[in-house]
Amino acid sequence: MQKEPGMPGCAPASYGMTCSVIPQPQGLFTSCLPLAAIPSAVPLARVYVRQALLHWEQASLIEDAELVASELITNAVKAVHPPAMPTSRHPLVSKIQICLIVAGDQAVIEVWDPSPALPVMPEGVDHLEEGGRGLFLIDHLAKSWGCRHPYSGGKTIWCRLR
């Protein structure tokens, strides 16, 4: 039985976020979630990806998709300038967005942020450092990945999972 695209359990309106589900042909599912560009967006994105894939009966994609989403959202939060945390001088929080597209047994994760700066893959990985391995993980887990600059500004990093 084919499930209708949709996201039960999207972030409640009290979080100031909503999910959008774009109607698609049968077997193609698309859902996007805008998030505040703050560190707590990372676990929210993981829950969002997990719930979407479970709803769409794509449990085999969850582990890699959660990890890729975490890395992409972390990079998007870091890319946002001025500071993402609201202060008396900067009361507005920048927004980022994650989209998940599933067709058959393949998934594409896209993360948009308002910075046009492209991500840079470090030349070497220091395995003792806490960070700096995100793009290496994405490169390892992805069938393909890249970046585009939408006409509306910023950048979208996309990743097609194996």
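For the structure, check the block above.
Since the structure is predicted, the reported quantities are computational estimates derived from the model, not experimental observations.

Conventions adopted
Residues numbered from 1 in each chain as written. Predicted model: local features only at pLDDT ≥ 70, side-chain atom pairs only at ≥ 80, totals over all residues. Heavy atoms only, no water. Disulfide = S-S within 2.5 Å. Helix = DSSP H or I, 4+ residues; strand = E, 2+ residues; numbered from the N terminus. Buried < 20%, exposed > 50% of the residue type's maximum accessible area, 1.4 Å probe, protein only. Pairing = 2+ DSSP bridges. Axes fitted to C-alpha atoms, helices over the stretch in contact; angles between N-to-C directions. Left-handed = near helix turned anticlockwise from the far one by under 90°. Contact = heavy atoms within 4.5 Å. Nonpolar A, V, L, I, M, F, W, Y, C, P; charged D, E, K, R; others polar.

Caption draft 1: Expanded view of the state of the cysteines. Tallied over the full model, the rule gives one disulfide. Through a disulfide, Cys32 is tied to Cys99; the S-S separation comes to 2.1 Å. Measuring the twist about the S-S bond at about 110 degrees, one finds the Cys32-Cys99 disulfide to be right-handed. In this pair, Cys32 sits in strand 2 (residues 28-36) while Cys99 sits in strand 3 (residues 95-103), placing the two residues 67 residues apart along the sequence. Residue class for Cys32 comes out buried when judged on its relative accessible area of 7%. We classify Cys99 as buried; its relative accessible area is 10%.

Caption draft 2: View of unusual backbone geometry. One non-glycine residue, Glu57, lies in positive phi territory at about 60 degrees. Structurally, the position occupied by Glu57 is in the loop between helix 1 (41-55) and helix 2 (62-79). On the basis of relative accessible area, Glu57 is assigned to the exposed category, the value being 51%.

Caption draft 3: Spotlight on the pairing of strand 6 (residues 155-161). Burial within strand 6 is extensive, with five of its seven residues counted as buried. As paired strands, strand 4 (residues 106-113) and strand 6 are joined by six bridges and run antiparallel to one another. Bridging from a neighbouring strand, Val111 pairs with Ile157 of strand 6. Two strands pair when backbone bridges link them, and strand 5 (residues 142-148) and strand 6 are joined in this way by six bridges, in the antiparallel orientation. In the strand pairing of strand 6, Trp145 is matched with Cys159. The antiparallel pairing of strand 5 with strand 6 creates a hairpin that spans six residues between the two strands, and Gly153 there sits at a positive phi of about 110 degrees.

Caption draft 4: Structural view of the packing of helix 2 against helix 3 (residues 134-141). Taken N-terminus to C-terminus, the directions of helix 2 and helix 3 make an angle of 145 degrees; their axes are 10 Å apart at the nearest point. Seen along the crossing, helix 2 lies across helix 3 with a hand that is left-handed. On helix 3, the residues that touch Asp64, Leu67, Val68, Glu71, Leu72 and Asn75 of helix 2 are Gly134, Leu135, Leu137, Ile138 and Leu141. Of the residues belonging to the contact of helix 2 with helix 3, the class tally is seven nonpolar, two polar and two charged.

The values are spatial; any link to function lies outside them.
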